[in-house]
Amino acid sequence: MPRHRFADTADRIEQAAVQLFVEKGVAETTIKDIARAVGLSEGALYRHFESKDELVWKAFERHYVAFAATLRQLAGHEPTTRGKVAAMIRGFCRAHDENPTLFKFLLSVQHEQLPKLKPGTPTPVEVMRDVLDRAIASREIPAQRPDLATALVFGVVLQPVTFAAYGRLPLNLGSMCERLIAAAWAAVTTVERGYAA
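Read on for a plain summary of the structure. Quick caveat: nothing in here was measured; it's all calculated off a predicted structure. (Residues numbered from 1 in each chain as written. Predicted model: local features only at pLDDT ≥ 70, side-chain atom pairs only at ≥ 80, totals over all residues. Heavy atoms only, no water.)

**Quick word on the overall build of the protein**
Piece 1. In terms of regular secondary structure, the protein is built from nine helices and zero strands.
Piece 2. When the helices and strands of the protein are read in sequence order from the N terminus, they spell out α-α-α-α-α-α-α-α-α.
Piece 3. Taken along the three principal axes of its C-alpha coordinates, the protein extends 60 × 35 × 30 Å.
Piece 4. In the protein, of all internal contacts separated by at least 6 residues, the share reaching a separation of at least 24 is 70%.
Piece 5. Of the roughly 11000 Å² of accessible surface on the protein, a fraction of 53% belongs to carbon and sulfur atoms.
Piece 6. Measuring between centres, the 25 positive side-chain charges of the protein sit 2 Å from its 22 negative side-chain charges. (Helix = DSSP H or I, 4+ residues; strand = E, 2+ residues; numbered from the N terminus. Contact = heavy atoms within 4.5 Å. Areas by Shrake-Rupley, 256 points an atom, 1.4 Å probe, with all protein chains shown as cover. Lys, Arg positive; Asp, Glu negative; His and termini not counted. Charge placed at Lys NZ, Arg CZ, Asp CG, Glu CD.)

This is the structure we're talking about:
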């Protein structure tokens, strides 16, 4: 099989698997389910991925690391911390709205997959933390724990995604993106009482 067709098939397998993982859950999805969704035999699927666990890991790693690179690039185009945070949150909203299934997959498997990342692998969390840490050091935002500031921003962005997944909010984050930016900025510019740098 030509190399590009092999890669195309692997991409089709991954897309089908991610869809099934979100619809049924990773544990409940079988290799047989995935093979059927792509129109392959189980044996043909195993030529691309050794196991379901490898498929979950490869899909997570590829998209999670790529998303970190996207966020770093978005932040790099902005001169101010507020601009960087806003650009990254818009990137989150756009990524969710363009492929909510992939976004839900990344969120649902991250706890099991994150420990497998090699130390130093860029992640969305580290990209945001770096931006906020530099802003704290330059006094562009008040002195605070960078990890707490990062957690606050991620909470502002990801909790609405969770609500959308359960039907409590519309699936389109773009419609509320500017409000999320304002809330995240308010969170990181509020003085953390009792914290001394």
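Structure's up, so let's keep going.
**Describing the pattern of salt bridges**
Piece 1. Here the structure, examined in full by the defined rule, presents eight salt bridges.
Piece 2. Close ionic contact of Arg 36 with Asp 33 constitutes a salt bridge, the shortest N to O distance being 3.6 Å. Of this pair, Arg 36 and Asp 33 are both found in helix α2 (residues 31-38), three residues apart, which corresponds to roughly one turn of the helix.
Piece 3. A relative accessible area of 13% places Asp 33 in the buried class.
Piece 4. Put simply, Arg 129 and Asp 147 hold a salt bridge, and the shortest N to O gap is 2.7 Å. With a gap of 18 residues between them, Arg 129 in helix α7 (residues 124-137) and Asp 147 in helix α8 (residues 146-165) connect regions that are remote in the sequence.
Piece 5. Judged by its relative accessible area of 51%, Asp 147 is exposed. (Salt bridge = Lys/Arg side-chain N within 4 Å of Asp/Glu carboxyl O. Buried < 20%, exposed > 50% of the residue type's maximum accessible area, 1.4 Å probe, protein only.)

**Concerning the nonpolar core**
Piece 1. Formed by 35 residues in total, the largest nonpolar core has its most connected members in Ile 89, Phe 92 and Leu 132.
Piece 2. Every element with two or more residues in this core is listed here: α4 (52-76), α5 (81-98), α7, α8 and α9 (177-188).
Piece 3. With residues up to four places along the chain from it excluded, the contact list for Ile 89 reads Val 153, Val 157, Cys 177, Leu 180, Ile 181 and Ala 184.
Piece 4. Residues Ala 10, Ala 16, Tyr 64 and Phe 105 belong to the second largest nonpolar core, which totals 24 residues. (Core = buried A, V, L, I, M, F, W, Y, C linked by side-chain atoms within 4.5 Å.)

**Some points on α7**
Piece 1. Relative to the 20 Å expected for 14 residues at 1.5 Å per residue, α7 spans 20 Å between its end C-alpha atoms, a close match to the ideal helical length.
Piece 2. For α7, the set of buried residues is Pro 124, Val 127, Met 128, Val 131, Leu 132, Ala 135 and Ile 136.
Piece 3. Lining the buried residues of α7 we find α4, α5, α8 and α9. (Expected span 1.5 Å × (residues − 1).)

**Structural notes on the layout of surface pockets**
Piece 1. Within this model, the largest pocket holds a volume of roughly 360 Å³.
Piece 2. Lining the largest pocket are 18 residues, with His 63, Phe 67, Ala 95, Phe 103 and Leu 106 positioned closest to its centre.
Piece 3. Listing elements by their share of the lining of the largest pocket, those giving two or more residues are α4, α5, α6 (100-113), α7 and α8.
Piece 4. For the lining of the largest pocket, the per-class residue count stands at 13 nonpolar, four polar and one charged.
Piece 5. Taken as a whole, the second largest pocket holds about 180 Å³ of empty space.
Piece 6. Taken together, Val 22, Lys 104, Leu 107, Ser 108, Val 161, Thr 162, Ala 165 and Tyr 166 make up the full set of residues lining the second largest pocket.
Piece 7. Of all the secondary structure elements, the ones that give two or more residues to the lining of the second largest pocket are α6 and α8. (1 Å grid on protein atoms, 1.4 Å probe; cavity = no way out; pocket = protein on both sides within 12 Å on 5 of 7 lines; lining within 4 Å. Points joined across faces, edges and corners; volume = space filled by probe spheres on them. Nonpolar A, V, L, I, M, F, W, Y, C, P; charged D, E, K, R; others polar.)

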